[in-house]
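Architecture and fold: a report
So you can see what is in the structure, the chains are spelled out below.
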Amino acid sequence: MPDFGPNVLVIDPSMPGGEIQARIDAIFAQQEAAHFTDRRFAILFKPGRYTTDVRVGFFTQVLGLGTMPGAVTIDGHVRVNADWLKGDALANFWRGAENLTVRPPEGWDRWAVSQAAPYRRMHVLGDLVLDDGGSSSGGFLADCRIEGTIRAGSQQQWYSRSSRIGGWQGVNWNMMFQGVQGAPATSFPDPAVTTLLRVPLLREKPFLQVDAAGSWSVFVPALRRDAEGTSWADGPTAGSALPLAHFFLARPGMDAATLNAALARGQHLLFTPGVYRLDAPLRVTAANRVLLGIWLATLQAVQGNAVLEIDDVPGVTIAGLMIDAGAVRSLVLVQVGPRGCTGDHRHNPVLLADLFFRVDGGTGSQGNPGLLPYKSKNLDFSAEWYYRPDSYISVGYFHKSVVNFIGTGQVKKPVFGLTNPADGPRYKAALEALGAGATSNDIRQYIFANYPGSVKITGGTPGNYTGDILGLPEDAPVLFTVNTPVNNNQTANVHGWEFAVQHSFWETGLGMILNYTIVDGDVHYRNDQPATVNQFALVGLSDTANVIGYYDKNGIQARVAYNWRAEFLSGAGSNPSYTEPYGQIDASASWEALPRTTLFFEGINLTGEGRRAHQRTDRYVTVTAPGYARYTVGVRYRF
């Protein structure tokens, strides 16, 4: 059997049931309330049937090792409760369950979590409850089959994908279903349910497996298109198995150079549980490379560096990892593709699955009553020719020089007198006593034991306390990044031409209007600059045009207009946003049927044109909004 290290428990059916339960309970006792620990655990069940109760605590993953969820059956529970917070699940993060069949004796199981706790490839022979009586806020379920009803309870939001469920009960803020058989119909916003029938393109997360001969592998599921239901509904999931011999087993304490050497040899990486403190990024340069973490292997930047950089190559999979910022600020933690890359990987895309990022520092915003108003010097020329009393041609030129643009400034400042216990005399005393290799939990326990007057212990035993360490005046202040509007020293010039034609067709009441405006400025956004450069650019500038046909005679008025706008920069900063060209047809009509009484009709966007926006390339679509025609019919009466 592979050596996964001391924090991976591999269970097989030959083990006595009492021993299995005792070892599972021992892990849970350490992890139930350990949301600030460096300890990471994985519990792996070899194919077979087990009678046990698996309580899943912080930084713990429970995995079945079969090719199908039914290869491992738990007669009991795989559950998350919130007993440690008296039923409040708002802090139940960082755990997971995968590739198991659960047969709960009471007919229901519980997964009371709030984000960063994925539930994958699970087959539950009963109901699934998503809260524990108190608050809960968000989760993710994919490739699962729940025979009974999912009872959302207090869950504020939840995303379910490519699964089959017996039913769903309960809606609060937002419930999202995609490719889920048995999902409720869309009823957003009341109740807030959104259901999409299929997933256009997806690849499920890879998983560990072992066969009857004892051969270990990582199974990489194939791409699915227009997916609905589970990937294993009709048998084993389509895909390929990569022998574990093709993987380098990473262990905590290994440096970036060691791991990069394995990648350079053509190996995949399997991260065993623990924290990896990296002073340089791991560089993935080859296609179809797999970097998979056993729960929750953590990559931490220690020198202000990125921890992962992926070349412009297809088929790379990064999954099951926590990414931690370090004490030195990193501009980028994970980079997928170098800046400006243009590779087309739609047939073999990169997969990022179960990646969780933790970054430090608070943010805020404040106003600025000292802002100066915009100032503009304008120059306008125009010429008009009225070749008939109601018909004309005009041309105009304009130039504007604008100053006092408003941008966003940032200032680092303490807020509300908050202080940081991890940057003060107690923390330094703990480091001196315990040494540089002390974990965050070691330091916490030292402070609990030696500074009882400045902590609040909520449970546990000596050496394994849970609770809060209170900030003191002698600790360093917590610095927030506060955004505030400021006048910058930028100036810009805007110039352009306006053309217009209005023509009436004699006394028929018919006429037409043509308008076209060309506009440009001298400050443009440069897409070739990196996202670390905060750019100033003029937003909202674009050419526009409209064509109008009208009728106005004998108390009847009618208009049909086509309005068009070219692509324009709608947002700048470190990343741009471009609204793509769009046009729409509007129409209106009115008839003064009686004195002071008018019947009217109005139609907006008659052809239902939608709108889209993208960032630096039109392949990076950020907004796609379908368009709908709107109609108004009514009567006006003038008193």
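Look up a bit, the structure's there.
In short, a report on the structure.

Cut-offs and rules
- Residues numbered from 1 in each chain as written.
- Predicted model: local features only at pLDDT ≥ 70, side-chain atom pairs only at ≥ 80, totals over all residues.
- Heavy atoms only, no water.
- Pairing = 2+ DSSP bridges.
- Helix = DSSP H or I, 4+ residues; strand = E, 2+ residues; numbered from the N terminus.
- Axes fitted to C-alpha atoms, helices over the stretch in contact; angles between N-to-C directions.
- Core = buried A, V, L, I, M, F, W, Y, C linked by side-chain atoms within 4.5 Å.
- Buried < 20%, exposed > 50% of the residue type's maximum accessible area, 1.4 Å probe, protein only.
- Contact = heavy atoms within 4.5 Å.
- Salt bridge = Lys/Arg side-chain N within 4 Å of Asp/Glu carboxyl O.
- Polar contact = N/O pair within 3.5 Å; in protein donor to acceptor, adjacent residues only side chain to side chain.
- Phe/Tyr/Trp six-rings, centres within 6.5 Å; stacked < 30°, edge-to-face > 60°.
- Lys NZ or Arg CZ within 6 Å of the ring centre and 35° of its normal.
- 1 Å grid on protein atoms, 1.4 Å probe; cavity = no way out; pocket = protein on both sides within 12 Å on 5 of 7 lines; lining within 4 Å.
- Points joined across faces, edges and corners; volume = space filled by probe spheres on them.
- Nonpolar A, V, L, I, M, F, W, Y, C, P; charged D, E, K, R; others polar.
- Patch = residues over 30% accessible without salt bridge, like charges linked within 9 Å, V, L, I, M, F, W, Y side chains within 5 Å.
- Areas by Shrake-Rupley, 256 points an atom, 1.4 Å probe, with all protein chains shown as cover.
- Expected span 1.5 Å × (residues − 1).
- Arc of directions from axis to C-beta.

1. Some remarks on the sheet that holds strand β41 (residues 544-553)
Read across the sheet, 9 strands follow the order β33-β34-β39-β40-β41-β42-β45-β46-β49 without closing on themselves; strand pairing throughout is antiparallel. Only two strands of the sheet have a single partner each, and these edge strands are β33 (375-388) and β49 (630-637). Each strand axis lies, on average, 10 degrees off the axis of its neighbour in the sheet, ignoring direction. Looking at chain direction, strand β42 (residues 556-565) and strand β45 (residues 582-594) are connected through 10 bridges and run antiparallel. Bridging from a neighbouring strand, Trp-564 pairs with Gly-583 of β45.

2. Describing the nonpolar core
Soluble globular proteins: nonpolar side chains tend toward being buried together. Counting residues in each nonpolar core, the largest one holds 40 residues, and the members touching the most others are Ile-11, Phe-45, Val-78, Trp-111, Tyr-119, Ile-146 and Trp-168. Leaving out residues up to four positions away in the same chain, Ile-146 has contacts with Tyr-119, Met-122, Val-124, Gly-126, Leu-128, Leu-141, Arg-164, Ile-165 and Gly-166. By size, the runner-up hydrophobic cluster in this structure holds 26 residues, among which are Ala-256, Leu-278, Val-284 and Leu-355.

3. Thoughts on the pattern of salt bridges
Within the structure shown, the criterion is met by 22 salt bridges. Note that Arg-161 is salt-bridged to Glu-204, the shortest N-O span being 2.9 Å. A residue pair is termed long-range when its members are at least 10 positions apart, and Arg-161 in strand β14 (residues 157-161) and Glu-204 in the loop between β18 (199-202) and β19 (207-210) qualify at 43 residues. Glu-204 matches Arg-161 in its accessibility class, with the two residues each being buried. Its salt-bridge partner being Arg-526, residue Asp-528 comes within 2.9 Å of it at the nearest N-O pair. Through salt bridges with shared partners, one network takes in Arg-120, Arg-161, Glu-204 and Asp-354.

4. Observations concerning the side chain of His-614
As for its placement among the helices and strands, His-614 is situated in strand β47 (residues 611-614). On the accessibility criterion, His-614 (5% relative accessible area) is buried. Looking at His-614, its side chain comes within polar contact range of the side chain of Glu-580, at 2.9 Å. Apart from residues lying up to four places away in sequence, His-614 is in contact with Glu-567, Pro-576, Ser-577, Tyr-578, Glu-580, Tyr-620, Val-621 and Thr-622.

5. Observations concerning the packing of aromatic side chains
Overall, the coordinates contain 21 aromatic pairs when judged by the stated rule. Taken together, the aromatic side chains of Phe-58, Phe-59, Trp-84, Phe-93 and Trp-94 make up a single cluster linked through ring pairs. The ring of Phe-59 has Arg-40 lying over it, and the distance from NZ or CZ to the ring centre is 3.9 Å. Over the face of the ring belonging to Trp-94 we find Arg-358, whose NZ or CZ atom lies 4.9 Å from the ring centre.

6. A word on the layout of surface pockets
A water-sized probe, rolled over the atoms, reveals where empty space remains. Volume-wise, the second largest pocket comes out at about 1400 Å³. What lines the second largest pocket is a set of 42 residues, among which Val-336, Gly-337, Cys-341, Thr-617 and Tyr-620 lie closest to the centre. Residue assignment for the lining of the second largest pocket shows that the elements contributing at least two residues are β18, β30 (334-336) and β31 (351-358). Considered class by class, the residues forming the lining of the second largest pocket number 18 nonpolar, 11 polar and 13 charged.

7. Examining a nonpolar patch on the surface
A cluster of nonpolar residues, Val-395, Trp-497, Phe-499, Tyr-516 and Ile-518, forms a patch on the protein surface that exposes about 420 Å² of accessible area. Among the secondary structure elements, Tyr-516 is positioned in strand β40 (residues 510-521). Taking relative accessible area as the criterion, Tyr-516 reaches 33% and is therefore assigned partly exposed.

8. Observations regarding helix α1 (residues 17-31)
A rise of 1.5 Å per residue sets the reference length of α1, with its 15 residues, at 21 Å; its end C-alpha atoms lie 21 Å apart and thus fit the reference within 8%. Inspection of α1 places Ile-20, Ile-24, Ile-27, Phe-28 and Gln-31 among the buried residues, and these make up the whole buried set. What you see down the axis of α1 is that its buried residues fit within an arc of 100 degrees, all on one side. Considering only its buried residues, α1 is in contact with β1 (8-11), β2 (41-45), β3 (48-50), β4 (53-55) and β5 (60-64).

9. Some details on unusual backbone geometry
Cis geometry marks the peptide bond from Phe-188 to Pro-189, where omega comes out at 10 degrees. With respect to the element layout, Pro-189 can be found in the loop between β16 (174-178) and β17 (193-196). Residues Asp-190 and Pro-191 are joined by a peptide bond in cis, for which omega reads -5 degrees. Its location among the elements puts Pro-191 in the loop between β16 and β17. Even without a glycine there, the phi angle at Asn-288 is positive, about 60 degrees. Its relative accessible area of 41% is what places Asn-288 among the partly exposed residues. The phi dihedral of Phe-416 is positive, around 60 degrees, even though this residue is not glycine. Counting through the fold element by element, Phe-416 comes out in strand β35 (residues 406-420).

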